[in-house]
Amino acid sequence: QVQLVESGGGLVQAGGSLRLSCAASGRTFSTYAMAWFRQGPGKEREFVMAISWNSERTTDADSVKGRFTISRDNAKNTVYLQLNSLKPEDTAVYYCAAGRFSWPLFRQRDRYDYWGQGTQVTVSS
């Protein structure tokens, strides 16, 4: 069992930056692929980025390419999402997720086994 708790969301102006964190409980964090998803107002939850258990591989959605970065620190049981050059359309609740697989890095929600409660990111124009 893995419990995930996100933090770091907030209100930021367009062009600004935020760093989201997701702290995981459990001794098996380092064996999980980790991902970030987001759900904007009136939208379905969508994939943002994912990272392999050993940080060697990442994958991202086209909408965030070149602006967001995912990283993890297995010693701290934490995964991060650095959000740069934020746009109003990035406004959403951001969720982290853990999946019991190594490769490939899946983008489908149903591939992930554990989810956090989400953290709100609001980007003003």
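Being a predicted model, the structure only gives us computed values, none of them experimental. (Residues numbered from 1 in each chain as written. Predicted model: local features only at pLDDT ≥ 70, side-chain atom pairs only at ≥ 80, totals over all residues. Heavy atoms only, no water.)

A word on the overall build of the chain
Move 1: Within the chain, the secondary structure is distributed over 0 helices and 11 strands.
Move 2: Seen along its three principal axes, the alpha-carbon backbone of the chain occupies a region of about 40 × 25 × 25 Å.
Move 3: Evaluated residue by residue, the chain yields a buried proportion of 47% over its 125 residues.
Move 4: For the chain, restricting intrachain contacts to residue pairs at least 6 apart in sequence, the fraction spanning at least 24 positions comes to 60%.
Move 5: Of the accessible surface of the chain, which amounts to about 6400 Å², a share of 44% is contributed by carbon and sulfur atoms. (Helix = DSSP H or I, 4+ residues; strand = E, 2+ residues; numbered from the N terminus. Buried < 20%, exposed > 50% of the residue type's maximum accessible area, 1.4 Å probe, protein only. Contact = heavy atoms within 4.5 Å. Areas by Shrake-Rupley, 256 points an atom, 1.4 Å probe, with all protein chains shown as cover.)

Some words on unusual backbone geometry
Move 1: With an omega of 5 degrees, the peptide bond running from Trp103 to Pro104 counts as cis.
Move 2: With respect to the element layout, Pro104 can be found in the loop between strand S9 (92-99) and strand S10 (114-115).
Move 3: Not every positive phi belongs to a glycine, and Ser55 is a case in point at roughly 70 degrees.
Move 4: Within the element layout of this structure, Ser55 appears in the loop between strand S5 (46-51) and strand S6 (58-60).
Move 5: Classification of Ser55 by relative accessible area gives partly exposed; the value is 34%.

Regarding the packing of aromatic side chains
Move 1: Under the counting rule described, the total for this entry stands at 7 aromatic pairs.
Move 2: Here Arg19 stacks its cationic end above the ring of Tyr80, 3.9 Å away from the centre of that ring.
Move 3: Here the guanidinium or amino end of Arg72 rests over the ring plane of Phe29, the centre of that ring lying 4.6 Å away. (Phe/Tyr/Trp six-rings, centres within 6.5 Å; stacked < 30°, edge-to-face > 60°. Lys NZ or Arg CZ within 6 Å of the ring centre and 35° of its normal.)

Comments concerning the nonpolar core
Move 1: Residues Leu4, Met34, Trp36, Phe68, Leu81 and Tyr94 are the most contacted members of the largest nonpolar core, which totals 39 residues.
Move 2: Among the elements of the structure, strand S3 (18-24), strand S4 (33-39), S5, strand S7 (68-73), strand S8 (78-83), S9 and strand S11 (119-124) are those that each provide at least two residues to this core.
Move 3: Setting aside anything within four residues of it in sequence, one finds Leu81 in contact with Leu18, Arg19, Leu20, Trp36, Val48, Met49, Phe68, Thr69, Ile70 and Tyr94. (Core = buried A, V, L, I, M, F, W, Y, C linked by side-chain atoms within 4.5 Å.)

Things to note about the state of the cysteines
Move 1: Evaluation of the coordinates by the stated rule reveals 1 disulfide.
Move 2: There is a disulfide in this structure between Cys22 and Cys96, and the S-S distance comes to 1.9 Å. Across the S-S bond linking Cys22 and Cys96, the dihedral sits near 45 degrees, which makes this disulfide right-handed. In this pair, Cys22 sits in strand S3 while Cys96 sits in strand S9, placing the two residues 74 residues apart along the sequence. Each member of the pair, Cys22 as well as Cys96, is classed as buried. (Disulfide = S-S within 2.5 Å.)

So, the side chain of Thr119
Move 1: Its location among the elements puts Thr119 in strand S11.
Move 2: Here Thr119 falls in the buried class, since its relative accessible area comes to 10%.
Move 3: A distance of 3.2 Å separates a polar atom in the side chain of Thr119 from the backbone nitrogen of Gly9.
Move 4: Residues contacting Thr119, with those up to four places away along its chain left out, are Glu6, Ser7, Gly8, Gly9, Leu20, Ala92, Val93 and Tyr94. (Polar contact = N/O pair within 3.5 Å; in protein donor to acceptor, adjacent residues only side chain to side chain.)

Read these as spatial facts, not as claims about activity.
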